[in-house]
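Coordinate inspection notes
Residue strings, one per chain:
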Amino acid sequence: MSNPVAATAVGPMVLAAVEQYEPVQRRLVDDDMALSFLPPGVRAFTRATRWSVVRRLLVRATERSGPGLWANLACRKRYLGDKLTQALSDIDAVVILGAGLDTKAYRLARHSAIPVFEVDLPVNIERKRSVVHRTLGPVPSSVHLVPVDFEHDDLAAELARHGHRGEHRTFFVWEGVTQYLTADGVRSTFEFLHSAAPGSRLAFTYVRSDFIDGTNRYGAESLYRRFRVRSRLWQFGLDPDQVASFIEPYGWKLIEQAGPEYLTSHYIAPSGRKLTASQVEWTVYAEKR
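Residues numbered from 1 in each chain as written. Predicted model: local features only at pLDDT ≥ 70, side-chain atom pairs only at ≥ 80, totals over all residues. Heavy atoms only, no water.

1. Some details on the overall build of the protein chain
Check the secondary structure of the protein chain and you find 13 helices and seven strands. For the protein chain, whose C-alpha radius of gyration is 18 Å, the value lies close to the compact-globule estimate of 19 Å for 289 residues. Summarising its shape, the C-alpha atoms of the protein chain cover approximately 50 × 45 × 40 Å along the three principal directions. Long-range contacts, defined here as pairs at least 24 residues apart, represent 73% of the contacts in the protein chain between residues at least 6 apart. Summing over all exposed atoms, the protein chain offers an accessible surface of approximately 12500 Å²; the carbon and sulfur share of this is 52%. Where the 37 positive side-chain charges of the protein chain centre and where its 32 negative ones centre are 8 Å apart. (Helix = DSSP H or I, 4+ residues; strand = E, 2+ residues; numbered from the N terminus. Rg over C-alpha atoms; globule rule 2.2 N^0.38 Å. Contact = heavy atoms within 4.5 Å. Areas by Shrake-Rupley, 256 points an atom, 1.4 Å probe, with all protein chains shown as cover. Lys, Arg positive; Asp, Glu negative; His and termini not counted. Charge placed at Lys NZ, Arg CZ, Asp CG, Glu CD.)

Following this line, the structure appears as structure tokens:
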């Protein structure tokens with residue numbers, strides 16, 4: 001794949017698929033579609049992790065890249081899924097910004113007709129359409145695939161063109177995207193989110209600004225070199241103490257943040273897994289005033 005940002009969509013879904021081989025009580029995230037959405041060669045590799053020794057080796061390799069990274073990627077998907085499930089009775093639509101290979105829309109379509117709009121780079125949307133056709137057949141009628149370049153396209157216009165109604169209370173999921181955008185790109189998306197209907201919800205992830213500027217690498221030297229030194233793919237960051245003031249001008253009220261302590265107490269400790277959570281990435285949950 002020629003687009004380096006689009007190529008990053010595979011990694012988190014590999015992790016979700018690998019987690020399905022853990023016993024239910026030890027699993028950090030449930031996603032029975034994750035494996036089938038992966039490219040063929042990656043599926044073959046992932047199936048090898050049905051043996052616990054291979055899973056342990058993969059987790060260790062991931063932890064060498066960024067201590068706590070495995071738990072963060074798995075638990076953020078669990079957290080986002082939990083929040084969406086809790087809010088379903090109070091919303092009219094779901095918009096997934098930067099959908100990648102995520103399966104939320106298709107698992108939701110099994111039991112709900114709520115409209116879901118998957119937004120991503122055109123190259124990712126075309127790949128998603130192909131994956132869904134191979135795995136499920138026709139795209140479910142409740143799911144709408146929306147190609148958008150966050151840096152240049154009019155997000156509101158593209159969503160409206162695909163059937164999203166601005167007056168609908170919408171649950172926006174923005175997972176693993178903000179760090180790849182410029183500050184202008186992030187603010188442009190928040191300008192769009194400013195017009196969301198009251199009662200809408202927003203769940204998004206961000207990388208800490210002190211990691212982006214290199215003042216604190218939280219033991220993740222390899223991760224820093226990969227995304228900040230060599231590729232410079234990660235550009236934007238926030239400070240946890242500044243999130244509320246950052247989103248407030250756009251009409252959003254911070255409800256909570258899921259940092260490493262939250263992920264550990266809610267997901268890792270109950271699983272009995274000896275994993276740590278990273279300070280590098282946090283997840284935000286907010287409501288539109």
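2. Regarding a nonpolar patch on the surface
Together, Trp51, Val53 and Leu57 make up a nonpolar patch on the protein surface, roughly 320 Å² of accessible area in all. Judged by relative accessible area, which is 49%, Trp51 ranks as partly exposed. (Patch = residues over 30% accessible without salt bridge, like charges linked within 9 Å, V, L, I, M, F, W, Y side chains within 5 Å. Salt bridge = Lys/Arg side-chain N within 4 Å of Asp/Glu carboxyl O. Buried < 20%, exposed > 50% of the residue type's maximum accessible area, 1.4 Å probe, protein only.)

3. Here we look at the nonpolar core
In this structure, Val94, Tyr106 and Phe171 are the most contacted members of the largest nonpolar core, which totals 50 residues. Of all the elements, helix α5 (residues 69-87) adds the most residues to this core, at nine residues. The contact partners of Phe171, leaving out residues within four places of it in the chain, are Lys83, Leu84, Ala87, Ile91, Ala93, Val94, Val95, Arg201, Ala203 and Tyr285. Counting 32 residues, the second-largest nonpolar core is a separate cluster that includes Val148, Val186, Tyr206 and Trp282. (Core = buried A, V, L, I, M, F, W, Y, C linked by side-chain atoms within 4.5 Å.)

4. Some details on helix α4 (residues 52-65)
For α4, with 14 residues, the first-to-last C-alpha span of 20 Å sits near the 20 Å given by 1.5 Å per residue. Summarising the contacts, the buried residues of α4 are in contact with α2 (10-19), α3 (40-47), α5 and α11 (221-230). (Expected span 1.5 Å × (residues − 1).)

5. Observations regarding the packing of α2 against α3
Two elements in contact, α2 and α3, have axes separated by 10 Å at closest approach and are oriented at 35°. Along this stretch, α2 crosses α3, giving a crossing that reads as right-handed. Contacts between α2 and α3 involve Val10, Val14, Ala17 and Val18 from the first element and Val42, Phe45 and Thr46 from the second. Partitioning the contact of α2 with α3 into residue classes produces six nonpolar, one polar and no charged. (Axes fitted to C-alpha atoms, helices over the stretch in contact; angles between N-to-C directions. Left-handed = near helix turned anticlockwise from the far one by under 90°. Nonpolar A, V, L, I, M, F, W, Y, C, P; charged D, E, K, R; others polar.)

6. Description of the side chain of Asp102
As for its placement among the helices and strands, Asp102 is situated in the loop between β1 (93-97) and α6 (104-108). A polar contact is formed between the side chain of Asp102 and the side chain of Lys77, at a distance of 3.0 Å. Beyond its immediate sequence surroundings of up to four residues, Asp102 is in contact with Met13, Phe37, Lys77, Ile96, Glu118, Lys128 and Glu175. (Polar contact = N/O pair within 3.5 Å; in protein donor to acceptor, adjacent residues only side chain to side chain.)

7. What about the packing of aromatic side chains?
Tallying each qualifying case throughout the model produces 19 aromatic pairs. A connected cluster of aromatic rings, assembled from ring pairs, spans Trp174, Phe190, Phe204, Tyr206, Phe236, Phe246 and Tyr250. Directly above the aromatic system of Trp51 lies the positively charged group of Arg50, at a separation of 4.2 Å from the ring centroid. Seen from the ring of Tyr224, Arg217 lies directly overhead, with NZ or CZ sitting 4.0 Å from the centre. (Phe/Tyr/Trp six-rings, centres within 6.5 Å; stacked < 30°, edge-to-face > 60°. Lys NZ or Arg CZ within 6 Å of the ring centre and 35° of its normal.)

8. Examining the sheet that holds strand β2 (residues 116-120)
Through backbone hydrogen bonds, the strands of a sheet pair up, either in parallel or in antiparallel fashion. Spatial strand order, β3-β2-β1-β4-β5-β7-β6: seven strands in an open sheet with mixed pairing. Strand pairing shows two members of the sheet lacking a second neighbour, β3 (143-147) and β6 (252-258), which therefore form its edges. Taken over all neighbouring pairs, the strand axes of this sheet differ in orientation by 20° on average, direction set aside. By the bridge criterion, four bridges tie β1 to β2 in an arrangement that is parallel. What sits directly across from Val94, in β2, is Val116. Where α5 meets the sheet, it contacts β1, β4 (170-174), β5 (201-207), β6 and β7 (281-288), and its direction lies at approximately 15° from that of β7. (Pairing = 2+ DSSP bridges.)

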